[in-house]
Amino acid sequence: MSAKKSVGHHTSVGSRVFDALNIMLLVGLALVTVLPLLYVLAGSFATESEIASRPFFLWPEKFVTSTYEYIFATDTFVRALITTIVVTAVGAAVQVILTLTMAYPLAKRYLPGRTLVLNLVIFTLVFSGGMIPTYLVVRDLGLLNSYWALILPLAINPFYLIIVKSFFQELPQALEEAARIDGCNEMGVFFKIVLPLSKPIIATFSLFYAVGIWNDYMSPLLYIDDNSKWTLQVIVRQLTSANAENALASLDSVFFPVEGLKFAVVVIATLPILFFYPFLQKHFAKGVLIGSVKE
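Computed from a prediction, not measured in an experiment: that's the story for all the values here.

About the cut-offs
Residues numbered from 1 in each chain as written. Predicted model: local features only at pLDDT ≥ 70, side-chain atom pairs only at ≥ 80, totals over all residues. Heavy atoms only, no water. Helix = DSSP H or I, 4+ residues; strand = E, 2+ residues; numbered from the N terminus. Buried < 20%, exposed > 50% of the residue type's maximum accessible area, 1.4 Å probe, protein only. Contact = heavy atoms within 4.5 Å. Areas by Shrake-Rupley, 256 points an atom, 1.4 Å probe, with all protein chains shown as cover. Phe/Tyr/Trp six-rings, centres within 6.5 Å; stacked < 30°, edge-to-face > 60°. Lys NZ or Arg CZ within 6 Å of the ring centre and 35° of its normal. Core = buried A, V, L, I, M, F, W, Y, C linked by side-chain atoms within 4.5 Å. UniProt positions renumbered as here; feature names shortened; annotations may be inferred. pLDDT = per-residue confidence, 0-100. Axes fitted to C-alpha atoms, helices over the stretch in contact; angles between N-to-C directions. Parallel < 35°, antiparallel > 145°, perpendicular 65-115°, else oblique. Nonpolar A, V, L, I, M, F, W, Y, C, P; charged D, E, K, R; others polar. Expected span 1.5 Å × (residues − 1). Salt bridge = Lys/Arg side-chain N within 4 Å of Asp/Glu carboxyl O.

Chemist: Outline the overall build of the protein chain, supporting the account with residue identities and numerical values.
Modeler: In terms of helices and strands, the protein chain carries 15 helices and zero strands. A burial count over the protein chain gives 36% of its 295 residues as buried. For the protein chain, the proportion of contacts with a sequence separation of at least 24, taken over those separated by at least 6, is 70%. Only carbon and sulfur atoms are counted for the fraction: they give 69% of the accessible area of the protein chain, which is about 17,600 Å².

Chemist: Any chance you could break down the environment of V189 for me, citing the residues and the numbers?
Modeler: For V189, the location among the structural elements is in helix α10 (residues 186-197). Judged by its relative accessible area of 0%, V189 is buried. Sequence separation between V189 and L175 is 14 residues; the distance between their C-alpha atoms is 8.8 Å. Not counting the four nearest positions on each side in its chain, V189 is found in contact with Y104, E176, A179, R180, C184 and V194.

Chemist: Please set out the packing of aromatic side chains residue by residue, giving values where relevant.
Modeler: Per the stated rule, a full pass over the model turns up 18 aromatic pairs. Relative to Y68, the ring of F45 has its centre 4.9 Å away and its plane inclined at 35°; by these criteria the two rings are tilted. Here F45, found in the loop between α2 (13-44) and α3 (48-53), pairs with Y68, found in helix α4 (residues 66-73); they are 23 residues apart in sequence, far enough to count as distant. Neither F45 nor Y68 differs from the other in exposure class; each is buried. Just above the ring of Y147 sits the side chain of K229; from NZ or CZ to the centre is 5.9 Å.

Chemist: Give a description of the nonpolar core that names residues and reports values.
Modeler: I71, F77, L232, L261 and V265 are the most contacted members of the largest nonpolar core, which totals 32 residues. Counting only elements with at least two residues in this core, the list comes to α2, α4, α5 (75-106), α11 (199-215), α13 (232-240) and α15 (258-287). Apart from residues no more than four positions distant in its own chain, L232 is found in contact with A80, L81, T84, W214, V265, I268 and A269. Judged by nonpolar contacts, the second largest core, of 24 residues, contains L100, L161, V189 and L195.

Chemist: Which residues make up the UniProt feature "transmembrane region" (unreviewed entry) in the protein chain, and what values go with them?
Modeler: Residues given the UniProt feature "transmembrane region" (unreviewed entry) here are residues 21-42, 80-104, 116-135, 147-168, 189-214 and 260-280. End-to-end, the C-alpha atoms of residues 80-104 are 36 Å apart, and along that stretch the chain is 100% helix and 0% strand. Annotation note: span residues 189-214, helix share 96%, strand share 0%, distance between end C-alpha atoms 33 Å.

Chemist: Tell me about the confidence of the model for the protein chain, and please be specific about residues and values.
Modeler: When the pLDDT values of the protein chain are averaged, the result is 81; 85% of them are 70 or greater. Here helix α1 (residues 2-10) is the element of the protein chain with the lowest mean pLDDT, 50, and α5 is the one with the highest, 90. Considering only residues more than four positions removed or in separate chains, one finds that residues 291-295, a stretch of pLDDT under 50, has eleven contacts.

Chemist: Tell me about the packing of α4 against α5, residues and numbers included.
Modeler: Running from N to C, α4 and α5 point in directions that differ by 75°, and their axes come no closer than 5 Å. Put simply, α4 runs roughly perpendicular to α5. On α5, the residues touching Y70, I71, F72 and A73 of α4 are D75, F77, V78 and L81. In terms of residue class, the contact of α4 with α5 is made up of seven nonpolar, no polar and one charged.

Chemist: Could you give me a rundown of α2, with the residues and numbers involved?
Modeler: Helix length check: α2, at 32 residues, gives a terminal C-alpha distance of 46 Å against a target of 46 Å (1.5 Å per residue), a fit within 8%. Among the residues making up α2, those that are buried are S15, Y39, V40, A42, G43 and S44.

Chemist: Go over the pattern of salt bridges with me, naming the residues and quoting the values.
Modeler: Enumeration over the complete set of coordinates arrives at six salt bridges. Residues E61 and R54 are paired through a salt bridge, measuring 3.8 Å at the closest nitrogen-oxygen approach. The exposure class of R54 is partly exposed, given its relative accessible area of 23%. The partner of E176 in a salt bridge is K108, with the nearest N and O atoms 2.6 Å apart. Of this pair, E176 sits in helix α9 (residues 173-181) while K108 sits in the loop between α5 and α6 (114-126), and the two are 68 residues apart along the sequence. Of the two residues, E176 and K108, both sit in the buried class. One connected set of salt bridges, linked through shared partners, spans K108, E176, R180 and E186.

Structure follows, in structure tokens:
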């Protein structure tokens, strides 16, 4: 009888209406998210006259690639793209390494001064030095106009650090004890036992750190005065600002497709993240379940 009631409940009119409304809502949200992306992609392959005459379209009337040809023929854009890729790769590696090596000792309850350090980390979640003190520190360290200024000030995210520390705390202690019995020291336990078990969390926060560096335009604006060292996001900001034509003129350009260039640069700035995400999706899904491993 209870089974029949359960089946009847799931096939009732109210249940079907609820499912239909949920589907409509999710489809609507998906369209709100996807349509602007499709519009930007279509606009990057459209002519300037079509972009000016058609307020919205998902497929260009005339398919052209002149905007992308212009971008990759201009040293400024190619240099900014290469700079962004290198800074993102090196920065994400440095940030993940520093986060892991700080989180592992803090996961040990017997570490002297552990509570004090954790309280200082938590303090930075609530209070920060601010833009001006951070700039003064970067300046006094001689990092202005250096790519390290885009990496080191944000080297460790305190929120990510606490999550990684919690993950390390919930790894089975028996594995570490067995490794020590076999002759491993702390470094051996970390590299041979802890890191192989931490692939999901490493992949997850590598993605988080990489996306953060890739999308960061404030740090280059603050610390990089030389436009030959600009990252791609600074170029995107300059082009999508109100004075886009002046920004383009400063790049020693004679002719430029202003509107199409805005769309194309946004596409180029977005595609790398969309390309790498599927390869990390499996680990990312596991990383969402951080803390599920119990002793």
